[in-house]
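So the chains spell out like this:
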Amino acid sequence: MAIFSKTCEYAMRAVFYVAQRSHEGYKVGSKEIAEHINSPEPFLAKILQKLSREGLIQSAKGPNGGFYFDAASLNRPLADIVTAVDGNEIFIGCGLGLSYCSESNPCPLHEDFKKIRNRITRMLNNTTIGKFNMGLIKEKFTLNK
């Protein structure tokens, strides 16, 4: 079961891969990223362009170009990736997907789902890209299914 859209999953895995390779001193192209995170390259290329426009990753053109991270980007929370790709629905949305659900007009799952949603929000806001990057560098985590 996934809580993120497929687009968001690819975006997060791509960000982690780019951060890891940047730590090693490399800039990487979309083809390499796609191969290492099991993503279709054309779809991933669009995601990477969006992340670059949002300032989550940097890109350079030319023969030595590619995607990379600067040190400041490693301090950004995972929530920034989710918001850039999927918007803020995961942070405010209804568990049943109802548009009218609110505190004054709750759906049957409202109170229980709100607790779960708040925990996910805290985790995404309190966990930086750099934290996961260190886990990848130390080989505690994997990006490949």
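So, here's what we can say about the structure. (Residues numbered from 1 in each chain as written. Predicted model: local features only at pLDDT ≥ 70, side-chain atom pairs only at ≥ 80, totals over all residues. Heavy atoms only, no water.)

1. Describing the packing of helix α1 (residues 6-23) against helix α2 (residues 30-37)
Phase 1 of the analysis: Where α1 meets α2, the closest approach of the two axes is 10 Å, and the angle between their N-to-C directions is 115°. When the axis of α1 is compared with that of α2, the two are roughly perpendicular. Between α1 and α2 lies a crossing whose hand is right-handed. Taking contact as the criterion, the partners of Y10, R13, A14, Y17, V18 and R21 in α1 are, on α2, E32, I33, H36 and I37. (Axes fitted to C-alpha atoms, helices over the stretch in contact; angles between N-to-C directions. Helix = DSSP H or I, 4+ residues; strand = E, 2+ residues; numbered from the N terminus. Parallel < 35°, antiparallel > 145°, perpendicular 65-115°, else oblique. Left-handed = near helix turned anticlockwise from the far one by under 90°. Contact = heavy atoms within 4.5 Å.)

2. Remarks on the nonpolar core
Phase 1 of the analysis: Formed by 35 residues in total, the largest nonpolar core has its most connected members in I33, L44, L51 and I81.
Phase 2 of the analysis: Of all the secondary-structure elements, those providing two or more residues to this core are α1, α2, α3 (41-53), α4 (78-86), α5 (89-92), α6 (110-126) and α7 (129-137).
Phase 3 of the analysis: Sequence-distant contacts of I33, that is, excluding residues within four places in its chain, are made with A14, Y17, V18, V28, L44, L48 and F67. (Core = buried A, V, L, I, M, F, W, Y, C linked by side-chain atoms within 4.5 Å. Buried < 20%, exposed > 50% of the residue type's maximum accessible area, 1.4 Å probe, protein only.)

3. Structural notes on unusual backbone geometry
Phase 1 of the analysis: Positive phi is not limited to glycine here, since N38 has a value of about 55°.
Phase 2 of the analysis: Mapped onto the fold, N38 is located in the loop between α2 and α3.

4. Focus on the environment of R21
Phase 1 of the analysis: For R21, the position within the fold is in helix α1.
Phase 2 of the analysis: Given a relative accessible area of 18%, R21 falls into the buried group.
Phase 3 of the analysis: Note: C-alpha distance between R21 and G130 (109 residues apart in sequence) is 12 Å.
Phase 4 of the analysis: Residue contacts for R21: discarding those within four places in its chain leaves Y26, V28 and E32.
Phase 5 of the analysis: Separated by 3.1 Å, the side chains of R21 and E32 make a polar contact. (Polar contact = N/O pair within 3.5 Å; in protein donor to acceptor, adjacent residues only side chain to side chain.)

5. Topic: the pattern of salt bridges
Phase 1 of the analysis: The full count for this structure, using the stated rule, is 6 salt bridges.
Phase 2 of the analysis: The partner of R21 in a salt bridge is E32, with the nearest N and O atoms 3.1 Å apart. Remark: E32 occurs in helix α2 and R21 occurs in helix α1; sequence separation between them is 11 residues.
Phase 3 of the analysis: One salt bridge connects E103 with K114, and the closest N-O pair in it is separated by 3.0 Å. In this pair, E103 is assigned in the loop between α5 and α6 and K114 in helix α6, connecting sequence segments 11 residues apart. (Salt bridge = Lys/Arg side-chain N within 4 Å of Asp/Glu carboxyl O.)

6. As for α1
Phase 1 of the analysis: Helix length check: α1, at 18 residues, gives a terminal C-alpha distance of 26 Å against a target of 26 Å (1.5 Å per residue), a fit within 8%.
Phase 2 of the analysis: In the segment just after α1, G25 is the residue with positive phi, at about 90°. (Expected span 1.5 Å × (residues − 1).)

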